[in-house]
Amino acid sequence: MRKIISALFFVLCAYGVYGQQQITGTIYEEVNGVKTPLPFANVFIPGTTRGATSDFDGKYEVVVYENDTLIKVSYMGYNDVVKTIDPNHGDLIVDVVMSSDDAAQNLEGVTVVAEKNLENENMLLLEQKKAIIANQSIGAVELSRKGVGNAEDALTKVSGVTKQEGVKNVFVRGLGDRYNSTSLNGLPLPSDDPEYKNISLDIFSSDIINNIGVNKTFSTAIYGDVGGANVDIASKELFKEKELQISLSTGVNLSTVSESEFLTIDGSNTFGTVKEKEHPISDFQKYDFTNSWNPNKTNSVLNNSISLMGGKQFKIGDNTLSAFVVGAYDGDYSYREGISRSVNAQGNMDKDFEFDRYSFSTSSIGMANLKYDISSGMFKRSIAYNGMFISSNSQVISEYEGSKSDYAEVADGELYINHRQQENNNNLLVNQLLADLEFEKIDVDFGASYNIVKGTEPDRRVNAFKVTEEDGLRMAKNGPTDNHRFYSNLDEKEFTTRLLMSYKIGKQPSLDEDADHYGSIQIGYNGRFTHRRFEDIAFGHTINSSISVADMYDIDAILNQEGSDNGDFELISMAAQRNTMPVPDYDDMYKVQRNIHAAILNFNYTLNPQLSFTLGLRYELVSQNIDWDTPDGFDSESDANGDDGIIDKDFILPSFALKYSVTENNIIRLAASKTYTMPQFKEVACFRYEGADFTSLGNPDLTNSDNYNVDVKYEHYFKPGEIIAVTGFYKYIKNPINRSDVNSASNELGYLNSGDKANAAGIELEFRKKIISAETLYGMHKLMFGLNGSYIYTNQELTNPDASFKNDEGQLQGASPILLNADLSYNTKGDNFTTTSTITTNYFSDRVYSLGTQGREDIIENSSMTLDFIFKLSYRDHWGVKFSAKNLIDPKYKLTRKVDSGDNVIVNSYKKGRKISIGVTYKF
């Protein structure tokens, strides 16, 4: 049978190539009589799906048959060119010169430069190749091919980047949230969570992403508070004359199917709209909570999403106005069951729980882009407005059952139960004005943004119970924290601005084909002005008597107005331990005013076609004033250290980048820089933050870290979309900042400079290659393979006496020594359809989840591997179908800690579940 199949295969191949001829050539654009190669132009045979794309040097090759008489060349912004051919004459060489689109009115004899659509992998690689400073980008096309749903997932496909479970945002080269920064269209974004420096990347749906750039080497355009990478999200805009598309999808996490009743929190609807964000208590004797203690139960656990995007271009005289809008909603259910433990150095369990966790998250997005193109001749000039509103909501109900040895209410052998209902609702409003103006000698880049973040944790509800043989299920009464409701509000407003002016020196290659020595001098200013206020209040319930519980899902029957009137419990302001009037607006508060002024100086120069470099200098003046007020005696005027929370510091940040082209497609890059890392707002405020699973207290004595960075990179480009690159890097961090247990009676978490230094070094590999590209009578077939990986070594001193570290040194928290990503894509293209089938996999090795203290070893997040499959079908340029199956292996997520006996004890373990979805898209 195999011989018959092989014979048929060769017959089909022979038939497919019979009568074939090959046309090769170069596509050029002409500017002022000078012809230059045009990459990524489309060459195809009219009436068929056969074609090709020109490479970096404008060269192409395409197969034609006996009946083919024409080839057509197209490129956005240029007139289509049709050439007559005669395949009977054998292989041909056909060069094509493209001229500007007649619809784009040009100055006489000058060609308009086409707008770059950086969604495409090939175009992004071309930009990477041309740039002096090394960077990596992932575009919308690649996101779709790999089934990526948001910015956070997208970044995990980039070499040296990983996501740690239970921790927001990503780690880049072993450095977590505090060492990274996030921007939108080059302008910084505020955080939506008091625990994190950066905004949650998972709220940025792929529906609004044109591409994501990961700048692992510092340049003066980036704010200096960065040590790992700056993540820049480029929002979508219109690149066509008009576009309208609607997409619908549905799916399920298979772990939820077995749950006959899925629990959700009372107080918000399916779209994540919260009914009550502020606490309703005006009198401690009036139990006026609107939301129910009792969770809702549902049998509908289908994940759903819908998106609508569209736009149109309008001619206004000689100029063009583009309008583009996006609206999207996504709802996602998941269920987990597992174990959660706390173990001491001797292996004894401080707590030993089994848990069930019900999660429901929503994201609603609205975005509008208006762009006015006033390009003149070969110079691009545009003014754009980007408006974006993102509302995200996450609900988590966790049920813990087991033993807790340090809990006085529950004796040995008795069962402890904890129910925790937590909801986080975050709203982000972004307004950006961007201008890009090019002239013969001067380029101007202007940007300004006004951003508003409102983050709330509305009505966290916690109940604790104990179970005994004699009394059955009863309300726990160890203290008011056993049964409490918590409210918090974060309100942040931020204005940022950017002004960069570049003066071109020497003859520019776009104006003179003989240009050799040329460059630019750039001066600029950045400003960032932030005002934040955070406040919280918790209402504890002091249980005064032994209360029997008939149904732990019906707490409203116990904690209500009648129970308060009967004296079964007292409602108090938990942090202040009081119930006297008036009811406070908050228990804890801090507010921040931070101003950053930055001056920029850059010198870019090309010595010859092989060698170019950039020298940069950024000066930043940081002024920060933090006030805090807590009922336990801490405030910014009289805290334990007499500190007033004021920071005034300036930074001089040099940077250098060099690019050497050994040949056209073999490039060596070198970069070096100095940056800094500031403590986060709440880490400096002497402010006790009551989190869901821990309590932390700020430290006004924290100092900033200084970061020194060196990168060396080699790149080899094959054909369009194909590359192999190897990068070596080293980072030296002075006075690294960590969160850790501190020496205190209350066993709180604190923030400190853990030692004098930390080091991170490693090597990264990026590889993309087309394995098969064949054309038969049935269409084009391509097989693409991608691989990126990294080995990262990290080490830090752990010598601060204010923390009881187990070891004197250790790895950086969250740093995986080995990271691997691979994908295999098979693409077919026929007359009426295209298909893409992609398999992606990710692997990370063991890494430190939290540092060991109080005589205990580090908690280790064990290695894991994921496997996803995505299939896409497009039919007649209108219909699209997408199927995805994610986390097919469904490995067990596991945290372990080594004890004195040498055994590794599991402290946390669960499975995430397999996710299946199917969607349909229609393009009008």
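Anything mentioned here points back to the structure above.
Description of the structure in this document.

Reading the values: rules and limits
Residues numbered from 1 in each chain as written. Predicted model: local features only at pLDDT ≥ 70, side-chain atom pairs only at ≥ 80, totals over all residues. Heavy atoms only, no water. Helix = DSSP H or I, 4+ residues; strand = E, 2+ residues; numbered from the N terminus. Buried < 20%, exposed > 50% of the residue type's maximum accessible area, 1.4 Å probe, protein only. Contact = heavy atoms within 4.5 Å. Areas by Shrake-Rupley, 256 points an atom, 1.4 Å probe, with all protein chains shown as cover. Pairing = 2+ DSSP bridges. Salt bridge = Lys/Arg side-chain N within 4 Å of Asp/Glu carboxyl O. Core = buried A, V, L, I, M, F, W, Y, C linked by side-chain atoms within 4.5 Å. Axes fitted to C-alpha atoms, helices over the stretch in contact; angles between N-to-C directions. Phe/Tyr/Trp six-rings, centres within 6.5 Å; stacked < 30°, edge-to-face > 60°. Polar contact = N/O pair within 3.5 Å; in protein donor to acceptor, adjacent residues only side chain to side chain. 1 Å grid on protein atoms, 1.4 Å probe; cavity = no way out; pocket = protein on both sides within 12 Å on 5 of 7 lines; lining within 4 Å. Points joined across faces, edges and corners; volume = space filled by probe spheres on them.

**Focus on the overall build of the protein**
Reasoning step 1: Per the secondary structure count, the protein includes seven helices and 51 strands.
Reasoning step 2: For the protein, the proportion of its 924 residues judged to be buried stands at 54%.
Reasoning step 3: Restricting the contact set of the protein to residue pairs at least 6 apart, pairs at least 24 apart contribute 71%.
Reasoning step 4: For the protein, the accessible area works out to roughly 39200 Å², and carbon and sulfur atoms hold 54% of it.

**Considerations on the pairing of strand S30 (residues 588-608)**
Reasoning step 1: Judged from the 19 bridges that link them, strand S28 (residues 518-543) and S30 form a sheet pairing that is antiparallel. Its bridge partner lying in S30, Ile523 is registered against Leu601.
Reasoning step 2: Bridging between S30 and strand S31 (residues 611-629) involves 19 bridges; their strand directions are antiparallel. When the sheet's bridge partners are listed, Ile600 is paired in S31 with Arg618.
Reasoning step 3: Remark: two residues form the turn of the hairpin made by S30 and S31, two consecutive strands paired antiparallel.

**Points about the pattern of salt bridges**
Reasoning step 1: Summed over the entire model, instances satisfying the criterion amount to 32 salt bridges.
Reasoning step 2: Of the charged contacts in the structure, one is a salt bridge between Lys129 and Glu664, with a shortest N-O distance of 3.5 Å. Of this pair, Lys129 sits in helix H2 (residues 121-130) while Glu664 is found in the loop between strand S32 (646-663) and strand S33 (666-677), placing the two residues 535 residues apart along the sequence.
Reasoning step 3: Residue classification places Lys129 among the buried positions, given a relative accessible area of 6%.
Reasoning step 4: A salt bridge links Glu764 to Lys216, with the shortest nitrogen-to-oxygen separation between them at 3.1 Å. Note that Glu764 is positioned in strand S40 (residues 757-776) and Lys216 in the loop between strand S15 (209-215) and strand S16 (230-235), a separation of 548 residues in sequence. No difference in accessibility class separates Glu764 from Lys216, as the two residues are buried.
Reasoning step 5: Here the salt bridges share partners, and the residues they tie into one network are Glu142, Arg145, Lys146 and Asp823.

**Some thoughts on the sheet that holds S16**
Reasoning step 1: Spatially, the five strands line up as an open sheet ordered S10-S15-S16-S13-S14, and their pairing is mixed. Pairing within the sheet leaves two strands with one partner each, and these edge strands are strand S10 (136-139) and strand S14 (187-188).
Reasoning step 2: Alignment of S10 against S15, held across four bridges, turns out to be antiparallel. Bridge assignment links Gln136 to a residue of S15, and that residue is Val214.

**Considering the nonpolar core**
Reasoning step 1: Judged by nonpolar contacts, the single largest core of 46 residues is most densely connected at Phe204 and Ile208.
Reasoning step 2: In this structure, Ile208 is in contact with Ala234, Ser235, Lys236, Val326, Ile365, Met367, Met388 and Ile390, ignoring residues within four places of it in sequence.
Reasoning step 3: Core analysis: the second largest hydrophobic core is formed by 22 residues, Tyr287, Ile555, Ile558 and Phe569 among them.

**Some thoughts on H2**
Reasoning step 1: Burial within H2 is extensive, with eight of its 10 residues counted as buried.
Reasoning step 2: Of all the positions in H2, only Glu121, Asn122, Met123, Leu124, Leu125, Leu126, Gln128 and Lys129 are classed as buried.

**Focus: the sheet that holds strand S4 (residues 51-53)**
Reasoning step 1: If you trace the four strands from one edge of the open sheet to the other, you get S4-S3-S6-S7, paired in antiparallel fashion. Every other strand in the sheet has two partners, leaving S4 and strand S7 (81-84) as the edge strands with one partner each. Ignoring strand direction, the axes of neighbouring strands in this sheet form an average angle of 15°.
Reasoning step 2: Across three bridges, the pairing between strand S3 (residues 42-44) and strand S6 (residues 70-74) is antiparallel. Bridge assignment links Asn42 to a residue of S6, and that residue is Ser74.

**Remarks on the packing of aromatic side chains**
Reasoning step 1: Going through the model one piece at a time under the given rule, you end up with 24 aromatic pairs.
Reasoning step 2: Consider the rings of Phe289 and Phe539, whose centres lie 5.9 Å apart with planes at 75°: the pair is edge-to-face. In this pair, Phe289 is assigned in the loop between strand S18 (262-264) and strand S19 (296-298) and Phe539 in strand S28, connecting sequence segments 250 residues apart.
Reasoning step 3: Since its relative accessible area comes to 11%, Phe289 is described here as buried.
Reasoning step 4: We classify Phe539 as buried; its relative accessible area is 0%.
Reasoning step 5: Where Phe767 meets Phe785, the ring centres are 6.3 Å apart and the plane angle is 55°; that geometry is what we call tilted. Remark: Phe785 occurs in strand S41 (residues 779-797) and Phe767 occurs in strand S40; sequence separation between them is 18 residues.

**A look at the environment of Thr727**
Reasoning step 1: Relative to the helices and strands, Thr727 resides in strand S37 (residues 723-734).
Reasoning step 2: On the basis of relative accessibility, which here comes to 7%, the residue Thr727 falls in the buried class.
Reasoning step 3: In contact with Thr727, not counting residues within four places along its chain, are Arg173, Asp711, Val712, Lys713, Gly762, Ile763 and Glu764.

**Quick word on the side chain of Ser292**
Reasoning step 1: With respect to the helices, strands and loops of the structure, Ser292 is situated in the loop between S18 and S19.
Reasoning step 2: Only 2.8 Å separates the side chain of Ser292 from the backbone nitrogen of Asn294, close enough to count as a polar contact.
Reasoning step 3: Excluding residues within four positions of it along the chain, Ser292 makes contact with Asp266, Arg461, Arg485 and Asp556.

**A word on empty space enclosed by the protein**
Reasoning step 1: Scanning all chains against the criterion turns up five cavities of 30 Å³ or more.
Reasoning step 2: For the largest cavity, the calculated volume is near 140 Å³.
Reasoning step 3: Ala134, Arg173, Thr217, Asp711 and Lys713 are, among the 19 residues lining the largest cavity, the residues nearest its centre.
Reasoning step 4: Put simply, the parts of the chain that give the lining of the largest cavity at least two residues each are S32, S33 and strand S36 (705-717).

Any functional reading would require information that these geometric values do not contain.
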